[in-house]
Amino acid sequence: MYEDTKKELLEICQKMVEKDLVIGSSGNASVRVDDYIVITPSSIHYADMKADDMVVIDLDGEVIEGTRNPSVEWQMHLELYNTRSVVGAVVHTHSIYASAMAVLNESLPPIIDETVPKLGSHIRVTEYAIPGTKQLGANVRKAIEDRSAALIANHGAVCIAKTLEKALHLAMVLERTCKIYMISKQIGTPKHLPDEVVEDEQDLWEMMSGY
Ligand SMILES: [Zn+2]
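Being a predicted model, the structure only gives us computed values, none of them experimental. Starting from 1, residues in each chain are numbered consecutively following that chain's sequence as written. Only residues with pLDDT of 70 or above have their local features reported here, since the model is predicted, and side-chain atom pairs are shown and tallied only from 80 upward, although totals for entire chains, interfaces and linings are computed over all residues. To get the side-chain values, all heavy atoms of the structure are used, and hydrogens and water are removed first.

Quick word on the environment of Glu 114
Stated formally: Helix and strand assignments come from DSSP, with helices taken as H or I runs of at least 4 residues and strands as E runs of at least 2, each series counted from the N terminus. Counting of polar contacts relies on pairs of N or O atoms within 3.5 Å, with two restrictions inside protein: one atom must be capable of donating a hydrogen and the other of accepting it, and residues adjacent in sequence are counted only when both atoms are side-chain atoms.
Following the sequence through the fold, Glu 114 ends up in the loop between helix H3 (96-104) and helix H4 (115-119). Along the primary structure Glu 114 and Val 173 are separated by 59 residues, whereas in three dimensions their C-alpha atoms are 8.5 Å apart. A distance of 3.2 Å separates a polar atom in the side chain of Glu 114 from a polar atom in the side chain of Lys 118.

Right, here's the structure in full:
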């Protein structure tokens, strides 16, 4: 089932590698179709991954179709789908600058006009949890509240959106903004956007986050 969706998911994974957001088999992605989730398999290098390797699970985490195990972070994906009804896709990356922010345990402040309407302001870092645990999923849910992205402590980042294409785009915007923040911090003190602008842009995020 969902052959076209599996192909699209594979293409998104290949773009994640191409854009240097992940390497090897790290990170993962999924998309919601009807009441099911199509998710990347565990421990298969993207270079070797085929559309048939994708796994279909239901919203309780039961494997419905697939010969592989679902990504080790399947519980985090489910947590996001089950608590945010507008979420249609989840992209989890180990991109360098977002991970560096997560290592510093530093939230990403509102510094770029393009970013806030897309991701929300102050992208938080989660509490630490061991990868692949239900706790990591719970921590991500908490950190991503009223946002489209979160930094995962000592680990990476996650973005949620209506579609896979948009979730990937958000992951790139997040990585780019984290990079700008880290570079500007090395030279001086990054200046945040004015408070009233952040409020307006956060309102824009609320209007656009379901689309
Ligand atoms: Zn990960």
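Thoughts on the packing of aromatic side chains
For clarity, the cut-off: Aromatic pairs are defined between Phe, Tyr and Trp rings, using the six-membered ring for Trp, whenever the two ring centres lie within 6.5 Å; interplanar angles under 30 degrees are classed as stacked, those over 60 as edge-to-face, and all others as tilted.
All chains considered together, the criterion is met by one aromatic pair. Geometrically, the ring pair formed by Tyr 2 and Tyr 36 is tilted, given 6.4 Å between the ring centres and 50° between the ring planes. With a gap of 34 residues between them, Tyr 2 in the segment before helix H1 (3-18) and Tyr 36 in strand S2 (residues 36-39) connect regions that are remote in the sequence.

A look at the coordination of the zinc ion
This is how it is decided: Keep in mind that water is not among the atoms, so a site may look incomplete; donors are the N, O and S atoms within 2.8 Å of the metal, or 3.2 Å for Na, K and Ca. Note on exposure labels: buried denotes an accessible area under 20% of the residue type's maximum, exposed denotes more than 50%, and partly exposed covers the range between, all computed with a 1.4 Å probe on protein chains only.
Note on the zinc ion: its protein donors are His 92 (NE2), His 94 (NE2) and His 155 (NE2). The metal-donor distances range over 2.0 to 2.1 Å. In the primary structure, the donors to the zinc ion are separated according to the pattern H-x1-H-x60-H. Separated by 63 residues along the polypeptide, His 92 in strand S5 (residues 89-93) and His 155 in the loop between strand S6 (149-152) and strand S7 (156-161) bring together distant segments of the chain. For the pair His 92 and His 155, one class covers both residues: buried.

Observations concerning empty space enclosed by the protein
To keep it simple, the criterion reads: Points on a 1 Å grid, built from protein atoms alone, make a cavity when a 1.4 Å probe fits but cannot get out and make a pocket when they are open with protein on both sides within 12 Å along at least 5 of 7 lines; residues with an atom within 4 Å of a point are the lining residues. Grid points are joined across faces, edges and corners, and a volume is the space filled by probe spheres set on the points. Just so you know the grouping, Ala, Val, Leu, Ile, Met, Phe, Trp, Tyr, Cys and Pro go in nonpolar, Asp, Glu, Lys and Arg go in charged, and all remaining residues, Gly too, go in polar.
Summed over the entire model, instances satisfying the criterion amount to one cavity of 30 Å³ or more. Along its surface, the largest cavity is lined by Leu 108, Pro 109, Pro 110, Ile 111, Ile 112, Thr 115, Val 116, Gly 120, Ser 121, His 122, Ile 123 and Thr 177. Residue composition of the lining of the largest cavity, by class: seven nonpolar, five polar and no charged.

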